[in-house]
Structure formats: structure tokens, C-alpha cells
Amino acid sequence: MSRCSRGPRQASVGDRYVPGAHVSIGYKVRTRWTRMISNTVSQATADVATIDLPGAFLHTDNDEDTIMLLRGKLAELLVQIDPTIYRKYVTTSAKGEPLLYVRLQKAIYGLFCSALLFYRKLAQQLIDFGFEINPYDPCVATRMVPTDYHTELAARAIHHRFAPKDGSVPLVIEKAYCQIANLHVDDVKLSHIEPRVNDAFIEHFKDLYNRESLKPVTVKRGKIHDYLGIDLDYTHVGSVRISMIKYVDKIFQDFPEQVVTTVPPSTPAANHLFDIRGDDDPHKRPLSEEQSGHFHRAVAQLLFLCMRSRRDIQTAVSFLTTRVRAPDDDDWNKLVRVLKYLYGTRHMKLTLSVHNMSTIKWWVDASYGTHWDCKGHTGMMMSLGEGAVLSSSRKQKLNTKSSTESELVGVDDVISKMMWGKYFIESLGYTVEHNILLQDNKSTILLAKNGKLSSSSKTKHIKHRYFLITDKIAQGDLEVIYEPTKQMWSDILTKPLQGQLFFDMRAKLMNIDSNYDDEIERSNTHPDLLPSSTAP
């Protein structure tokens, strides 16, 4: 008898993962990042569609011998549906409660393997339609569609809209254009240069699912899409604007304190963000169990938000996640500050645009001895043009003896992501000519490039880290270039910056004006992106 206490969209068990269970795209860092890259790529295409396949699990046969026990009213309801079939199988417990054991023929919600079973079925349907499952993320499928007359017209129209008017970017008509499908259980996001190609996909899957379900396949076309709680706005030429304004409003509603303020803080965290009180400090006041629960919930909501659309609060949220086990009054005040900052910038959007898919830039920075235990903090930002397609802010896992070592550990923290990003973009059909790591510490650059030749007895204890980086450089997978500190945009992800420096760094991270005004942004926001209470 198979049992499951988790929903099918969360397929992890402790630190173990079921092979292929990363179909639950919302809970994996890798799949979240592929979605961001795919969203960025889609901004250069003419047509985007989101599709909801109804009754996903009921379309899927259960391949295990799974027995489910129905008790009381549930057993009686099933008997009422067809007494001739079920009545003879009903037994009673010692207390006289009706019991009915049934064998599941279909995957149902709540069964551990349901999402995986449906994923396998959907993946095979995509393969049958001509798609290939991406080797770097099985929740992305691609199909190369040969260019025809209509596709060429679409390509010319897009070139006319996006290319510089000086003719510096010539028109190139490819022999085939890639159709990308992002999968999240029964939600599919589809993009291609030619709407007719997406039409064919939609009609095919309508034929597959409409005949098996009481509900029709739901399709959303146009320039505004809500996909997995993330609002995607393709109305601006040459870019995609990513926001979660309605989700931010929900965070305010769920929080037990009022965060509405006429003078919100200009930054999400003060200079003392990383300072904490010791256990022997008489002024330390731990939160009550109820307040700790509110703290944990709010931090979890902010984590979901900052990893998708609000990268400007990542540093503060990264610290708060280290405090959820035993938060105190100081941590609560830091959380409230983040929320008040969010209130003052609640209409801010992450705007992404692509300059060149053949060049990836990674800004990696680290602050030395930032935390109470003297561990450093790593910040990373990746861009394909304007705005951070990917970013992270995280506490380092080991202590270092210098800022150079901290920078090296920071690069090691994200080098796997740099390699994965290159391989994933190439798997979409692009050629990555330059995978560039930008660094503002020249000693770190020497260690990364020269390996053992630039090492000493003081760096031997971390040699496996710079040897990996050196190896990737030697193989041509990575280039390291010096970047002045003032242009190290990931600095905002390593420490709580203040004033104009924060505004300038935030402008690069979010691709907004350094003199951002939330009221102006609200007036320029599409009504579909606003909560119903604030929509004009």
C-alpha cells in the first residue's frame, strides 16, 4: 500500500529526491532559473501563450499497486454513486465506522508519485509532437521548427522592431526557429516567433485533453501573462517586465502588523543588518511562539518573492533566513523594515532585455568577515544585456583568512551555476562565445588564472577551489576579466548598501532608473498587474 503525506508538487523527501521528480519546477533552484532564462529569451519572440491542462492527474494511469482506505462518509458517498459495485466491499470498524478499501487506477492529488507520472506522460506527448526534453532541465522542452514564409515574415517584423536603426545588426533568417515549452505539472508556457506554430501546438493538445475532461483546456494569449504566480509583461518593445505586485499585497495582508507608512525607508536594511545579540546579552528578547510563526511565514514569503522578481531585497532576506530558528526582537524590526521598504516600492518590476545571447556576464563579489561568526557573504548577478536574469545572495559556508580568499570562495560558490548557465543556453540552440566572470580583486584573478603558480602556503587549504576555476578557464569555458569596484553590480548582494550607492546598484540589478519613483511606476503599470483594490 503506497502512502504519501506530501502534495505532488513537492517531490522531495528530506535530502533525497526522486529521480525525475524535479517536474515540480517551483521548488527547485535550477528549474526556477531556467524559467527566468526562458522568459528572457521569450522577450525577443512574437508570441507567448500559457496553457492549463485540466484534470492532469485523472488523465494519468497509476503504475503502482496503491490501496486507499475510505472511512465514514467518504465510503458512504462512493457507495451512493454505484451501490451494485461498492456495497459488497464495505466493512465496518470496531466502532461501527464504514470502511472501504479501493485500488487506485489513476494518479490523484496527494499521491507521492502523481506529478512524476503525469510528467512522464506529458513528456512523451511532447516528444511525439517533435520536442526534445532539455538535458539540463527536464521541465524545458524545445522543438526546432523549419522556417516557412510566415515565419520569415515574423522574423523580419521582429528585426524591424528590435534591431538598431543604423543597420549595425543585419537581418539573418535562420533555417529553423526554436519553440520553447516550460512545464510545471499541468501549466505550460509556450513561445515561438510565429503565432501559427503555437496555434498548432494548442490545437493538438486540445484534441488530447478536451476529449478526456469535463473542463476545456485553458489558453491565455497576448502580452500579459500570470504564470505560476509571476506576472510577465511583454508589452514593452525589446524587454520582459517581471512583477508580483499582487503577491506583495498579500504579504502585507498576512502580516500581523501595519506596514503602511508615509515615509518608507529608502533601503531594505540598515548598516547593522548582520549584527546580532549574543545569548548572554540582557537586552536580547526572543519572540514568542506565535510571533515566531508570523516571522517564519513572512520570511518564507519574501524568499519566494526575492528569488523571482524583487532581487533588490535578496541581501536582507538572505540574512533573515538564517534567523528563523530563534528570532528575537531585533530580527522582527529588521523584517518590518524590509516590508516597509517593499510598501514604498511595491510596483517595482524586474526588467530584462537581451543584447547578445552569445555573451554571458557574471558579476561575483564577496564581503569578508561580514557575519557574527566571521564568515563572508557571496553575491552574484548574471545578465544577458540589461537586468539580472539570475542573482543570489548567500552566507559563505567556511571561514577565510583574507578578502582574497573570500572572493575565491565566492567564485567557487557559483561556478557550477556559471557552467550550467552556459550549457543550458547552448542547449536552446545558441552559441555562447564568451562566458565572462567579472572580478574586482586582482589577487583573486591571479589565483583563478594561474592556479598553483600564484598560490602559497597561505592558500593551500583552499587549493581545490581555485584549481577547479583554473581548469574551467584552461578549457575555454570561462573568462575572467577585471571590473572596477564601482562597477561591481553584485556588491549590492553582499552587504546592506545605503544612499546613492544602493540606488545605482539597484538600478543595474533591476534595470530601473536610479531615481526610481513608485508613484510614477504605478501610473505606468498595466491594470491587469495591479490588485483589484488599486487598479485604476
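The structure under discussion appears in the preceding block.
Procedures and definitions
- Residues numbered from 1 in each chain as written.
- Predicted model: local features only at pLDDT ≥ 70, side-chain atom pairs only at ≥ 80, totals over all residues.
- Heavy atoms only, no water.
- Pairing = 2+ DSSP bridges.
- Helix = DSSP H or I, 4+ residues; strand = E, 2+ residues; numbered from the N terminus.
- Axes fitted to C-alpha atoms, helices over the stretch in contact; angles between N-to-C directions.
- Contact = heavy atoms within 4.5 Å.
- Phe/Tyr/Trp six-rings, centres within 6.5 Å; stacked < 30°, edge-to-face > 60°.
- Buried < 20%, exposed > 50% of the residue type's maximum accessible area, 1.4 Å probe, protein only.
- Lys NZ or Arg CZ within 6 Å of the ring centre and 35° of its normal.
- Polar contact = N/O pair within 3.5 Å; in protein donor to acceptor, adjacent residues only side chain to side chain.
- Salt bridge = Lys/Arg side-chain N within 4 Å of Asp/Glu carboxyl O.
- Core = buried A, V, L, I, M, F, W, Y, C linked by side-chain atoms within 4.5 Å.
- Parallel < 35°, antiparallel > 145°, perpendicular 65-115°, else oblique.
- Left-handed = near helix turned anticlockwise from the far one by under 90°.
- Nonpolar A, V, L, I, M, F, W, Y, C, P; charged D, E, K, R; others polar.

A. Main features of the sheet that holds strand E12 (residues 224–227). Ordered in space as E12-E13-E14-E15-E18, the five strands form an open sheet in which the pairing is antiparallel. At either end of the open sheet lies a strand with only one pairing partner, and these are E12 and strand E18 (385–386). Bridging between E12 and strand E13 (residues 230–233) involves four bridges; their strand directions are antiparallel. Paired with Ile-224 across the strands is Asp-233, a residue of E13.

B. Quick look at the sheet that holds strand E20 (residues 434–439). Sheet architecture is open: five strands sit in the order E19-E17-E16-E20-E21, paired in mixed fashion. Edge positions in the open sheet fall to strand E19 (390–395) and strand E21 (479–482), since each of these has one partner strand only. Strand-to-strand, the axes of this sheet are offset by a mean angle of 20°, without reference to chain direction. As judged from the five bridges shared by strand E16 (residues 359–367) and E20, these two strands associate in the parallel manner. Its bridge partner being in E20, Thr-359 is matched across the sheet by His-434. Along the sheet face, helix H11 (residues 403–427) touches E16, strand E17 (377–383), E19 and E20 and points at about 160° away from the line of E16.

C. Broad picture of the packing of aromatic side chains. Counted by the stated rule, this structure contains 16 aromatic pairs. With 5.7 Å between their ring centres and 90° between their planes, Phe-129 and Phe-201 make a pair best called edge-to-face. One end of the pair, Phe-129, is in the loop between helix H4 (114–128) and strand E7 (132–133); the other, Phe-201, is in helix H6 (residues 195–210), and 72 residues separate them in sequence. Like Phe-129, the residue Phe-201 is buried in the burial classification. An aromatic cluster of at least three residues, connected via ring pairs, comprises Phe-57, Phe-118, Phe-129, Phe-131, Phe-201, Phe-205 and Tyr-209. The ring of Tyr-343 is capped by Arg-346, whose NZ or CZ atom sits 4.1 Å from the centre of that ring. Sitting over the ring of Tyr-482, Lys-442 keeps its end group 4.9 Å from the ring centre.

D. Broad picture of the side chain of Thr-50. Within the secondary structure layout, Thr-50 lies in strand E3 (residues 47–52). One polar contact links Thr-50 to His-225, side chain to side chain, over a distance of 3.3 Å.

E. Focus on the pattern of salt bridges. Scanning the model with the defined rule gives 23 salt bridges in all. A salt bridge links Arg-120 to Asp-63; the shortest N-O distance between them is 4.0 Å. With a gap of 57 residues between them, Arg-120 in helix H4 and Asp-63 in the loop between E3 and strand E4 (67–71) connect regions that are remote in the sequence. Taking relative accessible area as the criterion, Asp-63 reaches 54% and is therefore assigned exposed. Ionic pairing is found between Asp-329 and Arg-285, a salt bridge with its closest N-O pair at 3.1 Å. Here the residue Asp-329 occupies a position in helix H10 (residues 329–344), and Arg-285 occupies one in the loop between helix H7 (245–254) and helix H8 (289–306), the gap between them amounting to 44 residues. Residue classification places Arg-285 among the partly exposed residues on the basis of a relative accessible area of 48%. Residues joined by salt bridges that share partners form a network here, namely Asp-47, Asp-199 and Arg-221.

F. Here's a closer look at the nonpolar core. Counting residues in hydrophobic clusters, the biggest one holds 87 residues, and the most contacted among them are Leu-302, Leu-305, Ile-313, Leu-335, Met-382 and Met-418. The biggest single contributor to this core is H11, with nine residues. Judged by nonpolar contacts, the second largest core, of 29 residues, contains Leu-117, Phe-118, Phe-201 and Phe-205.

G. Summary view of helix H9 (residues 314–321). Judged by how many residues are buried, H9 sits mostly within the fold: seven of eight residues are covered. Taken as a whole, H9 has its buried residues at Gln-314, Thr-315, Ala-316, Val-317, Ser-318, Phe-319 and Leu-320. Residues of H9 that are buried sit in contact with H8, H10, E17 and E19.

H. Main features of the packing of H8 against H10. It is at 11 Å that the axes of H8 and H10 come closest, and there the two elements cross at 40°. The angle between H8 and H10 falls in the class oblique. For the element pair H8 and H10, the recorded crossing hand is left-handed. Listed contacts from H10 to Gln-291, His-294, Phe-295, Ala-298, Val-299, Leu-302 and Leu-305 of H8 are Asp-331, Trp-332, Leu-335, Val-338, Leu-339 and Leu-342. Grouping the amino acids of the contact of H8 with H10 by side-chain chemistry returns ten nonpolar, two polar and one charged.

I. Up close: the side chain of Asp-331. For Asp-331, the position within the fold is in helix H10. A polar atom in the side chain of Asp-331 sits 3.0 Å from the side chain of Arg-323. If we skip the residues at most four places from it in the chain, Asp-331 touches Phe-295, Phe-319, Leu-320, Arg-323 and Ala-326.

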